[in-house]
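A look at the structure
Listed below, chain by chain, are the residues.
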Amino acid sequence: MKSLTNYLDLSQQLPLIRKRLRETDRSTAALVLLSAIVALLVISPMLWLFVRAVEVEPARAYGLIVSPDTGWITVNSIILMGVVTFCSILLGVPLAVLTARTDIPYPRLWTIVAALPLVIPSYIGAIAFVGMFGSGGEIDSVFGVSIPTIDGLPGSILIITLYTYPYVFLTTRAALLSMDSSVVDAARTLNAGPFEAFRRVTFPQIRPGIAAGALLAGLYAISDFGTPAFMGANVFTSRIYWETTGFGREYAALLALQLIAIVAVVLVIEAGIGRDEDAGNSGGGEGSTIRLGNWKWPAMGFVSVLGTLTLIVPVAIFSRWLIYSEGDPIPAYEFQWEFAFNSVYLALLAALVASLFALPVAYYSGRANSLLSRILERATYVGFAVPGVVIGLALVFLGNRALPSLYRQGVWLLVFAYVVRFLPQAVGTVRSSVLQVDDKTIEAARTLNAGRFEAFRRVTLPLIMPGVVAGSILVFLTTMKELPVTLMLRPIGMETLVSLIWNAQDALAYRYAAIPALLLILISGLSMLVLLRQEGGEIS
Amino acid sequence: MQQRNSDLTSRFGRRTFLAAAGGSAAGLAGLAGCLGDDNNDNTPIAEVEPMSERVDSGALSWDDLGDLEGEISIYSGRTPDQISAVFDALEDEYDGLTVSVDYDDNDVQVNQILEEETHPADLMYSQDPGALNALHDDGVLQQLPDDVIDAVPGSYQHSDGYWTGVTGRTRSIQYNSDRLDETDFDDWDELPTDIMEYATDERFEGIISTRPNSGTFRGFVQAMVERKGEEETREWVRQMADDQDAQLFEGGSDQANDINRGGDDDPIIGLGNSYYAARILNEDSDAPIRTTFTENDAGCLFSVAGVGVLDQVGDSELVAEFVRHLLAEEGQELMMDDNGEYPVVEDIEYVGPLPDLDEINPPEFDLSGFDMDLQEAGDLIEEEGMFA
């Protein structure tokens, strides 16, 4: 410990400050460099799009871009993304308030019910809903009541919303739990009604949280292939898939670039809404809870109905297929534990690598909030919005040439593909926890002569660890259910839960899809419990 | 054949451009292509002598062929239930053999191979000749040994022996036998035997379906172009899409399943491969789905699933002998039993639930001359507004 006079003696102090500043510059430069490397790495697959897109003759490319057909795809895709985002907010925010800020009985149960749909791949939801509703569906055959078929664009919107709103729910809930609720109490004391207090005090504070979740939901909606394809909606993903498989890879690339252009606009708009200036620092979640009174019954009923639709319907349908299966056994689709192990192993690796990649980008963007940091952070979102088949083909092309020894031999190229697809989920959550670290804590550590890195390791990292874990779990969950990239880049002969579901479903051997689907839901469900438990630990 | 050559020039132009662009991108992406571990055996497959008997000497048993030892990896565009029984049986037969298979959508596999510079698999096992022709046109396949080529009729393989069919199937008309009263037909016997009528007969309006994104559908369209000309084919596709308002499916299984399910919104009739219906009947013999066939036109096109050997393989001798095993009696019979497919080796008799090829009367079609330009058929389908 230095004596106080040391700090007062400027002549002694100046070289020290200078030294520290140099050190700061150097570590900042290192951080910027690391972030830039990560960002460049994860957008590098898009290089392939340009390689392929320039192969389209300019006249034909122009014709394709301005064709009414492309216009419809664009309109449909934007409607899909916009309405899913809007509905996700409509579902996610009230549910977050309900579970985090009211006296609803059994809050943990309802939190789990509201969050769990995220673990179910939307295409499984789509299969289940189509099997359940519509003429000839399970409800029709059991009750003889014909319910309109769920399909097309409205069907896709419904299904994707039901399985992606938890993004908004989780991020909003996290923001609610960490905001300083004493401000709300103050507002209430100043005679603001509960609604006004929410609008003027709570909402501005949780807005970045809502925006972060809404962004993930919207980007997921525009990149989802399985649901629109199954429902027959004409959007970018299904058309890109059609072009890709119809040997129009160049057109597919062109369409994907158009898609990215739209996504870029969305990212810029969101960057405006989700600014952090208004976001508060952590302040503990205690304080005012809203009393529901008799409203608790409709509230619980609402969550129950939602949970029944999103969770019980698919589980029931798959269980039914499992129990009432008939026909000759098909050994090719026999379940093996190795498939589950492969899925978990890949998802763990993806989660680990994604959180390592996310740290520099999220830390830099959370601390610096400069234009450069925003650009680097946003760059990591692009892969999330691009359909998996495009990322898959891009990495087939690039990986096969640049890293032939990794191509389809080990799991690393596949893991990289997952990181390209899912990094923003980790970046988003880590970043919001970085934002909540009080500058003063770090300054204190620095004053105590801790180096930049040591301060990060001993002070910042433990504080943001919950965010890192939460981000990893989101990456884990989404990797578990990822399909196209898995099929295209896994080592030859390696099967996973989803590849088995896909194969069995494709051959109409639904009963063989049941066990892997239920197991996928179970494993992902358990990891979701870890996520919620950890968040619970924070508040209590 | 003559008019095919006329558009060869434009295709050649496109392909040269593709190759040039691909080449420069390869340069950009890294010079690492040559750095990968190279345990490839570059002996051309065509020059590999049979380890034991030649496979063209009639119906051979696996016992007549050489032992398989080592590791072989396969890109499969066929699904595991269609094909894995053969691979499993071979692994059971030979202790030293490992067969690693990558299953994915047929078209995705082909596109993936076209994007690759070096191929991690030895073989592509594809659903349809068009896909194998596309691979050949891109120069990634190599010629098969003489005895393999001679074992299969010329019309079921590539004219220069770059791929061979292993099993065959036909296009069919599927229908739901319980739903006659919802149609304007008095009996299912009235279903036309001319595929052209399915696009023009008003009785099919709103109840018919097809699956435009499949390789077989493109093959079917290409066959129709060859026999009826482009104008009539375009008209057929357009009428199918617009006048008949055909329901379009992403998957052959989905389509057959919906026909079988028989809900109010489901199609009653469907154009598709016969084995999709056969599989449903295999699961449940009381299922209402049935098949019928057109006469001697593209609607009952006989086509093959087959293999092509990629240009670099791990062990040429193993790969060549493996292909021989697929054409031997056990290989052919396994796929008959499992999949209701037709054998392509003449000495091997077809036994199964489907009518014999003579009864179906498929068109005389030389698949080897079936230079299927998938892009062209794909463009045609798309330009006439048919996509799911």
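Residues numbered from 1 in each chain as written. Chains lettered and ligands numbered in written order. Predicted model: local features only at pLDDT ≥ 70, side-chain atom pairs only at ≥ 80, totals over all residues. Heavy atoms only, no water.

**Examining the overall build of chain B**
Regarding its fold elements, chain B presents 15 helices and 11 strands. The contacts in chain B between residues at least 6 apart in sequence include a share of 78% that link residues at least 24 apart. In the form shown here, chain B has an accessible surface area of approximately 14,500 Å², with 41% of it arising from carbon and sulfur atoms. (Helix = DSSP H or I, 4+ residues; strand = E, 2+ residues; numbered from the N terminus. Contact = heavy atoms within 4.5 Å. Areas by Shrake-Rupley, 256 points an atom, 1.4 Å probe, with all protein chains shown as cover.)

**Overview of the overall build of chain A**
Summing up its helical and strand segments, chain A has 25 helices and 0 strands in all. When the 540 residues of chain A are sorted by exposure, 59% land in the buried category. Once local pairs closer than 6 in sequence are excluded, the contacts in chain A between residues at least 24 apart make up 84%. Per element, the accessible surface of chain A, about 22,000 Å² overall, is 68% carbon and sulfur. (Buried < 20%, exposed > 50% of the residue type's maximum accessible area, 1.4 Å probe, protein only.)

**Quick notes on the nonpolar core**
The biggest cluster of nonpolar side chains holds 259 residues, and the ones touching the most others in it are A:Leu489, A:Met528, B:Tyr125 and B:Phe322. Top element by residues in this core is helix α16 (residues 337-368) of chain A. It accounts for 16 residues. Each residue touching A:Leu489, except ones within four places of it in the same chain, is listed here: A:Gly392, A:Leu395, A:Val396, A:Tyr407, A:Arg408, A:Leu413, A:Leu414 and A:Ala417. If you look at the next biggest cluster of nonpolar residues, it comprises 34 residues, including B:Met224, B:Trp236, B:Val237 and B:Ala241. (Core = buried A, V, L, I, M, F, W, Y, C linked by side-chain atoms within 4.5 Å.)

**Things to note about the environment of A:Phe476**
Residue and element names in this part refer to chain A. Take Phe 476: it is sitting in helix α22 (residues 452-481). A relative accessible area of 8% means that Phe 476 is categorised as buried. Note: C-alpha distance between Phe 476 and Ser 343 (133 residues apart in sequence) is 9.7 Å. Beyond its immediate chain neighbours, meaning those up to four positions away, Phe 476 contacts Val 344, Ala 347, Leu 348, Ala 351, Ile 523 and Ser 527.

**Quick word on the confidence of the model for chain B**
Residues and elements named next belong to chain B. In this model, chain B carries a mean pLDDT of 82, and residues with pLDDT of at least 70 account for 85%. Throughout residues 1-38 the model reports pLDDT below 50, and contacts reaching past four residues in sequence, or to other chains, amount to 40 contacts. Both scores are given for the predicted complex: the pTM is 0.82, the ipTM 0.82. (pLDDT = per-residue confidence, 0-100.)

**Thoughts on the side chain of B:Thr164**
All names here are of chain B. Relative to the helices and strands, Thr 164 is located in strand β5 (residues 164-176). Among the residues examined, Thr 164 registers a relative accessible area of 1% and is labelled buried. Setting aside its immediate chain neighbours within four residues, Thr 164 contacts Leu 144, Val 148, Val 152, Tyr 156, Gln 157, Gly 306, Val 307 and Val 323.

**Quick notes on the side chain of B:Gln239**
Within the element layout of this structure, B:Gln239 appears in helix α9 (residues 230-243). Leave out the neighbours within four places in its chain, and B:Gln239 touches B:Ala199, B:Thr200 and B:Gln244.

**Digging into a negative patch on the surface**
All names here are of chain B. Together, Asp 63, Asp 67, Glu 69, Asp 88, Asp 92, Glu 93 and Asp 95 give the surface a local cluster of negative charge. Take Glu 93: it is sitting in helix α3 (residues 80-93). Classification of Glu 93 as partly exposed rests on a relative accessible area of 37%. (Patch = residues over 30% accessible without salt bridge, like charges linked within 9 Å, V, L, I, M, F, W, Y side chains within 5 Å. Salt bridge = Lys/Arg side-chain N within 4 Å of Asp/Glu carboxyl O. Lys, Arg positive; Asp, Glu negative; His and termini not counted. Charge placed at Lys NZ, Arg CZ, Asp CG, Glu CD.)

**Here we look at the packing of helix α9 (residues 152-178) of chain A against helix α15 (residues 296-323) of chain A**
All names here are of chain A. Axis separation between α9 and α15 bottoms out at 11 Å; the angle between their running directions is 110°. As judged from the angle between their axes, α9 and α15 are roughly perpendicular. Here α9 and α15 pass one another in a crossing that is left-handed. Along the contact surface, α9 presents Leu 162, Tyr 163 and Tyr 165, while α15 presents Leu 306, Leu 309, Thr 310 and Pro 314. Of the residues in the contact of α9 with α15, the class split is 6 nonpolar, 1 polar and no charged. (Axes fitted to C-alpha atoms, helices over the stretch in contact; angles between N-to-C directions. Parallel < 35°, antiparallel > 145°, perpendicular 65-115°, else oblique. Left-handed = near helix turned anticlockwise from the far one by under 90°. Nonpolar A, V, L, I, M, F, W, Y, C, P; charged D, E, K, R; others polar.)

**Concerning the pattern of salt bridges**
Per the stated rule, a full pass over the model turns up 27 salt bridges over all chains. Notably, a salt bridge pairs A:Glu454 with A:Arg458, separated by 2.9 Å at the nearest N-O pair. Linking A:Glu454 with A:Arg458, this pair stays in helix α22, spanning 4 residues, or about one helical turn. Assessed through its relative accessible area of 30%, A:Glu454 is described here as partly exposed. Relative accessible area serves as the criterion here: at 57%, A:Arg458 is assigned to the exposed category. As a salt-bridge pair, B:Arg203 and B:Asp201 come within 3.0 Å of each other at their nearest N and O atoms. Residue B:Asp201 is classed as buried on the basis of its relative accessible area of 15%. Among the ionic contacts, a cluster of salt bridges with common partners joins A:Glu270, A:Arg374, A:Glu377, A:Arg378 and A:Arg431.

**Quick look at the confidence of the model for chain A**
Residues and elements named next belong to chain A. Model confidence for chain A is summarised by a mean pLDDT of 84, while 88% of its residues fall at 70 or above. Here helix α1 (residues 4-8) stands out as the least confident element of chain A, with mean pLDDT 47; α16 is the most confident, with 94. Considering only residues more than four positions removed or in separate chains, one finds that residues 1-8, a stretch of pLDDT under 50, has 7 contacts. A low-confidence stretch, residues 277-283 stays under pLDDT 50, and its non-local contacts, those more than four residues away or across chains, total 17 contacts.

**Considerations on the pairing of strand β8 (residues 269-273) of chain B**
Residues and elements named next belong to chain B. Most of β8 sits out of view: 5 of its 5 residues are buried. Examined bridge by bridge, strand β6 (residues 208-210) and β8 share 2 bridges and lie parallel to one another. Residue pairing across strands places Ile 208 opposite Ile 269, the latter belonging to β8. (Pairing = 2+ DSSP bridges.)

**Re the packing of helix α6 (residues 107-115) of chain A against α9(A)**
A pair of packed helices is captured by two measures, namely the crossing angle of their axes and the spacing between those axes. Residue and element names in this part refer to chain A. Orientation of α6 relative to α9, taken along the N-to-C sense of each, is 140°, at an axis distance of 9 Å. Between α6 and α9, the angle is such that the two are oblique. Of α9, the residues touching α6 (which contributes Thr 111, Val 113, Ala 114 and Ala 115) are Tyr 165, Pro 166, Phe 169, Leu 170 and Arg 173. Tallied by class, residues from the contact of α6 with α9 come to 7 nonpolar, 1 polar and 1 charged.

**Here we look at helix α12 (residues 316-327) of chain B**
Taking 1.5 Å of rise per residue, 12 residues should cover 16 Å, and α12(B) covers 17 Å from first to last C-alpha, within 8% of that figure. Of the residues flanking the start of α12(B), the one acting as N-cap is B:Asp315, its side-chain oxygen 3.2 Å from the backbone nitrogen of B:Glu317. (Expected span 1.5 Å × (residues − 1). Polar contact = N/O pair within 3.5 Å; in protein donor to acceptor, adjacent residues only side chain to side chain.)

**Considering a nonpolar patch on the surface**
Residue and element names in this part refer to chain A. A cluster of nonpolar side chains, namely Trp 72, Val 75, Ile 79 and Val 83, defines an oily patch on the protein surface of about 350 Å² accessible area. Secondary-structure assignment places Ile 79 in helix α5 (residues 68-101). Residue Ile 79 is classed as partly exposed on the basis of its relative accessible area, which comes to 37%.

**Observations concerning the environment of B:Trp62**
Residue and element names in this part refer to chain B. As for its placement among the helices and strands, Trp 62 is situated in the loop between α2 (8-29) and β1 (70-76). The exposure class assigned to Trp 62 is buried, which follows from its relative accessible area of 4%. Residues Trp 62 and Glu 330, spaced 268 residues apart in sequence, show a C-alpha to C-alpha distance of 6.8 Å. Excluding residues that lie within four positions of it along the chain, Trp 62 makes contacts with Val 86, Ala 89, Leu 90, Glu 93, Tyr 94, His 325, Ala 328, Glu 330, Gly 331 and Leu 334. In terms of polar contacts, Trp 62 uses its side chain to reach the backbone carbonyl oxygen of His 325, at 2.8 Å.

**Notes on the environment of A:Leu532**
Note on placement: A:Leu532 falls in helix α25 (residues 510-539). Excluding anything up to four places from it in sequence, A:Leu532 contacts A:Arg108, A:Thr111, A:Ile112, A:Ala115 and A:Leu170.

**Considerations on unusual backbone geometry**
In the Ramachandran plot, A:Arg408 falls in the positive-phi region, its phi being about 60° despite a non-glycine side chain. Mapping A:Arg408 onto the fold places it in the loop between α19 (388-402) and α20 (412-435). A relative accessible area of 4% places A:Arg408 in the buried class. Phi is positive for B:Asn361, which is not a glycine, with a value near 60°.

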